[in-house]
Amino acid sequence: MTQTTLGKKIPTFTCYATREKIISTKELKGSPLILYFYPKDNTPGCTQEGIDFRDNYAQFKGYETTILGISRDSLKSHEKFRTKYKLPFDLVSDSNEKLCKLFGVIKEKNMYGRRVLGIERSTFLIDSEGILRREWRKIRVDGHAKEVLNTLKDLYTAFGK
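Computed from a predicted model, the values in this text were never measured in an experiment. (Residues numbered from 1 in each chain as written. Predicted model: local features only at pLDDT ≥ 70, side-chain atom pairs only at ≥ 80, totals over all residues. Heavy atoms only, no water.)

Q: Would you mind showing me how to read the overall build of the chain here?
A: In terms of regular secondary structure, the chain is built from six helices and nine strands. A compact globule built from 161 residues would reach a C-alpha radius of gyration of about 15 Å, and the chain, at 15 Å, matches this within 12%. Across its three principal directions, the C-alpha atoms of the chain cover 50 × 35 × 30 Å. Looking at the chain as a whole, 49% of its 161 residues qualify as buried. Taking the contacts inside the chain whose residues are at least 6 apart along the sequence as the reference set, 62% of them involve residues at least 24 apart. Between the centroid of the 30 positive side chains of the chain and the centroid of its 20 negative side chains there is a distance of 2 Å. (Helix = DSSP H or I, 4+ residues; strand = E, 2+ residues; numbered from the N terminus. Rg over C-alpha atoms; globule rule 2.2 N^0.38 Å. Buried < 20%, exposed > 50% of the residue type's maximum accessible area, 1.4 Å probe, protein only. Contact = heavy atoms within 4.5 Å. Lys, Arg positive; Asp, Glu negative; His and termini not counted. Charge placed at Lys NZ, Arg CZ, Asp CG, Glu CD.)

What follows is the structure, given as structure tokens:
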């Protein structure tokens, strides 16, 4: 599978998500899609990021946008995380790293003096035609969800929607 490229259509994919959903990009076509990759459920930064997307969810839905949070955690872990923080969107388990590799988010990190491979916090905005319009990498959580929302608004304005 080839990696995604800004300004190009993303490859189609199918994945497993919370609430026993199977999600396909073919089904999502026709509305914007936000994929946010995060390292691990129930860690401070990842929790805050999920809460920030949750707190702005109504505004994202105003643009008919689907939000999916993605990590390598299991669906069981995702279900607990989603329920605990009342996240209104689904979380995708990418334990085989298929989506992580597609979006190039697996990076070498230094954790307590050891080099490990992990998810680099990243977000991708895909338009209603399946074209990757914006990507954010090495994200700082504070203010990020609002920045994504403002970019989505700008995208809608630019395309006269």
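Q: What exactly am I supposed to notice about the packing of helix α2 (residues 44–55) against helix α6 (residues 144–158) here?
A: Two quantities define a packed helix pair, namely the angle between the helix axes and the distance between the axes. Relative orientation of the contacting elements α2 and α6 amounts to 40°, with a least axis distance of 8 Å. When the axes of α2 and α6 are compared, the pair comes out oblique. In this structure, the crossing between α2 and α6 has a hand that is right-handed. Mapping the contact onto sequence places Glu49, Asp52 and Phe53 in α2 and His144, Ala145 and Val148 in α6. Taken together, the residues that form the contact of α2 with α6 break down as three nonpolar, one polar and two charged. (Axes fitted to C-alpha atoms, helices over the stretch in contact; angles between N-to-C directions. Parallel < 35°, antiparallel > 145°, perpendicular 65-115°, else oblique. Left-handed = near helix turned anticlockwise from the far one by under 90°. Nonpolar A, V, L, I, M, F, W, Y, C, P; charged D, E, K, R; others polar.)

Q: Teacher, can you tell me more about the pattern of salt bridges here?
A: Any two side chains of opposite charge can pair, on the condition that their charged atoms come close. With the rule as written, the count across this model stands at nine salt bridges. The partner of lysine 21 in a salt bridge is aspartate 90, and the shortest N-O contact between them spans 2.9 Å. Taken as a pair, lysine 21 in strand β2 (residues 21–24) and aspartate 90 in strand β5 (residues 90–93) lie far apart in primary sequence, 69 residues in all. In this structure, arginine 121 engages glutamate 49 in a salt bridge whose closest nitrogen and oxygen atoms are separated by 2.8 Å. One end of the pair, arginine 121, is in the loop between β7 (114–119) and β8 (122–126); the other, glutamate 49, is in helix α2, with 72 residues separating them in the sequence. With respect to class, arginine 121 is no different from glutamate 49; both count as buried. (Salt bridge = Lys/Arg side-chain N within 4 Å of Asp/Glu carboxyl O.)

Q: What's the story with the pairing of β2 in this structure? I'm lost.
A: Moving residue by residue along a regular strand, the side chains alternate between the two faces of the sheet. With four bridges connecting them, strand β1 (residues 14–17) and β2 associate as antiparallel partners. Bridge assignment links alanine 17 to a residue of β2, and that residue is lysine 21. (Pairing = 2+ DSSP bridges.)

Q: So what exactly am I meant to see when it comes to the nonpolar core here?
A: Looking at soluble globular proteins, one finds that nonpolar side chains tend to be buried together. Grouped together as the largest cluster of nonpolar side chains are 23 residues, with contacts concentrated most on Ile34, Tyr36, Phe53, Phe60, Ile67, Phe89 and Leu91. Looking at this core, the elements that each hand over two or more residues are β3 (33–37), α2, α3 (57–61) and α6. Top element by residues in this core is α6. It accounts for six residues. Not counting residues up to four positions away in its chain, the partners in contact with phenylalanine 60 are Ile34, Phe53, Thr65, Ile67, Ala145, Val148, Leu149 and Leu152. (Core = buried A, V, L, I, M, F, W, Y, C linked by side-chain atoms within 4.5 Å.)

Q: In this structure, what is going on with the packing of aromatic side chains? I would like to understand it.
A: How two aromatic rings sit relative to each other is given by the distance of their centres and the angle of their planes. Summed over all chains, the structure comprises eleven aromatic pairs. Measuring from centroid to centroid gives 5.8 Å for phenylalanine 53 and phenylalanine 60, while their planes differ by 40°, and the two rings are tilted. Of the residues examined, phenylalanine 53 reaches a relative accessible area of 0% and is grouped as buried. Here phenylalanine 60 falls in the buried class, since its relative accessible area comes to 0%. Taken together, a centroid distance of 4.7 Å and an interplanar angle of 50° make the contact between phenylalanine 103 and phenylalanine 124 tilted. Taken as a pair, phenylalanine 103 in the loop between α5 (98–102) and β6 (106–111) and phenylalanine 124 in strand β8 lie far apart in primary sequence, 21 residues in all. With respect to class, phenylalanine 103 is no different from phenylalanine 124; both count as buried. (Phe/Tyr/Trp six-rings, centres within 6.5 Å; stacked < 30°, edge-to-face > 60°.)

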